[in-house]
Amino acid sequence: MKRSEIRENIFKLVFCGEFHSMDEIPEQVSCYFEELPEVTEEEHSYMTEKFNCIKERIGELDEKINSVAKGWKTARMGKAELAILRLAVYEMLYDDEVPVKVAINEAVELAKKYGGDEAPSFVNGILAKLA
């Protein structure tokens, strides 16, 4: 699986996490992976670990986003855009394997695919302020 596909699956897990309680998350993650039979054990472990790291740092990630999002705090953002931003900010701050420019570019691509019409420029603007 390509890195962009792995990132897209992590985004989907983060997005899904917005609609379930912490108690429900392990079961939801398990159900999600049942629908991805082509995932290797290594990819499964990587995606699960990264998703869990993001969920553990939601408060910190949201603080970073809120610090630069003038007039658009995380509580007002669309769920897809917020999940994209959380993933990208996590990669920018904590994932040494992902260059900042790649994290931003991949986030913009996810926003084009899953966000509203203004999502790509919104996501790019927020992340550019954090870079």
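For the structure itself, look to the data block above.
If you're wondering where the values come from, they're calculated on a predicted model, not measured in any experiment.

> Would you mind going over the nonpolar core with me for this structure?
In a soluble, globular protein the nonpolar side chains are often hidden away together inside. Of all hydrophobic cores here, the largest spans 42 residues; its most connected members are Ile54, Ile65 and Leu127. Every element with two or more residues in this core is listed here: α1 (3-17), α2 (25-34), α3 (41-56), α4 (58-68), α5 (79-94), α6 (100-114) and α7 (119-130). Here this core takes 10 residues from α5, the largest share from any one element. If sequence neighbours within four positions are ignored, Ile65 has contacts with Thr74, Met77, Leu82, Leu85, Arg86, Val89 and Ile126.

> Which parts of the structure should I look at to understand the pattern of salt bridges?
Oppositely charged side chains can pair when the atoms bearing their charge come close. Within the structure shown, the criterion is met by 11 salt bridges. When the shortest N-O distance is used, the salt bridge between Lys112 and Glu109 registers 3.2 Å. Separated by three residues within a single helix, Lys112 and Glu109 lie in helix α6, roughly one turn from each other. Residue Glu109 is classed as partly exposed on the basis of its relative accessible area of 37%. One network of salt bridges, in which partners are shared, links Arg7, Lys50, Glu91, Asp95 and Glu106.

> Before we go on, may I ask you to explain α7 in this structure?
At 3.6 residues per turn, the α-helix brings residues three or four places apart onto the same side. End to end, α7 covers 17 Å across 12 residues, agreeing with the expected 16 Å (1.5 Å per residue, within 8%). Three or more residues of α7 are buried, namely Ala119, Pro120, Val123, Ile126 and Leu127. Angular distribution of buried residues about the axis of α7 spans 140°; they occupy a single face of the element. In this fold, the buried residues of α7 make contact with α4, α5 and α6.

> Help me understand the side chain of Glu8, please; the structure alone is not making it clear to me.
Within the secondary structure, Glu8 is located in helix α1. Residue Glu8 is classed as buried on the basis of its relative accessible area, which comes to 15%. Engagement of the side chain of Glu8 in a polar contact is seen with the side chain of Lys113, the distance being 2.9 Å. Other than its neighbours up to four places away in sequence, Glu8 contacts Leu110, Lys113 and Tyr114.

> Please explain the environment of Val14 as it appears in this structure.
Tracing the sequence through the fold places Val14 in helix α1. Considering only alpha carbons, one finds Val14 and Arg3, 11 residues apart in sequence, at a separation of 16 Å. Once you skip the residues sitting within four places of it in the chain, Val14 turns out to touch Phe51, Ile54 and Ala83.

> I tried to follow α1 on my own but got confused; where do I start?
With 15 residues, α1 extends 21 Å from end C-alpha to end C-alpha; this agrees with the ideal 21 Å at 1.5 Å per step. Along α1, the positions that sit buried rather than exposed are Ile6, Arg7, Glu8, Asn9, Ile10, Phe11, Leu13, Val14 and Gly17. Where α1 is buried, its residues meet α2, α3, α5 and α6.

> Looking at this model, I keep getting lost on the packing of aromatic side chains. Mind explaining?
Two aromatic rings are characterised by how far apart their centres lie and by the angle between their planes. Summed over all chains, the structure comprises six aromatic pairs. Ring centres of Phe11 and Tyr114 lie 4.9 Å apart, and the angle between their planes is 40°; this geometry places the pair in the tilted category. Of the two residues, Phe11 sits in helix α1 while Tyr114 sits in helix α6, which places them 103 residues apart along the sequence. Assessed through its relative accessible area of 3%, Phe11 is described here as buried. Relative accessible area serves as the criterion here: at 29%, Tyr114 is assigned to the partly exposed category. When the centroid spacing of 5.4 Å and the interplanar angle of 35° are considered together, the rings of Tyr90 and Tyr94 count as tilted. On the criterion of helical spacing, the pair formed by Tyr90 and Tyr94 is a turn pair, its members being four residues apart in helix α5.

Basis of the calculations
- Numbers given for residues are sequential positions, taken from 1 along each chain in its written order.
- Reporting in this predicted model follows two pLDDT cut-offs: at least 70 for local features of residues, and 80 or more for side-chain atom pairs to be given and counted; totals over whole chains, interfaces and linings ignore these cut-offs and use all residues.
- Heavy atoms from the whole structure form the basis of all side-chain values; hydrogens and water molecules are not counted.
- Each nonpolar core is a collection of buried residues, namely Ala, Val, Leu, Ile, Met, Phe, Trp, Tyr and Cys, held together in the definition by side-chain atoms within 4.5 Å.
- Three labels apply to residues, based on accessible area from a 1.4 Å probe with only protein chains included: buried if under 20% of the type maximum, exposed if over 50%, partly exposed otherwise in between.
- Strands are runs of DSSP state E lasting at least 2 residues, helices are runs of H or I lasting at least 4, and numbering of each runs from the N terminus.
- Contacts: residue pairs with any heavy atoms within 4.5 Å of one another.
- Salt bridges are counted wherever a side-chain nitrogen of Lys or Arg sits within 4 Å of a carboxyl oxygen of Asp or Glu.
- Expected helix span is taken as 1.5 Å per residue step, with the number of steps being one fewer than the number of residues.
- Think of it as the arc spanned by the lines of direction from the helix axis to the C-beta atoms.
- Polar contact is the term for a pair of N or O atoms within 3.5 Å; when the atoms are in protein, one must be able to donate a hydrogen and the other to accept it, and sequence-neighboring residues count only if both atoms are side-chain atoms.
- Stacked, edge-to-face and tilted are the three classes for Phe, Tyr and Trp ring pairs, Trp counted by its six-membered ring, which pair at centre distances within 6.5 Å; planes under 30 degrees apart are stacked, over 60 edge-to-face, the rest tilted.

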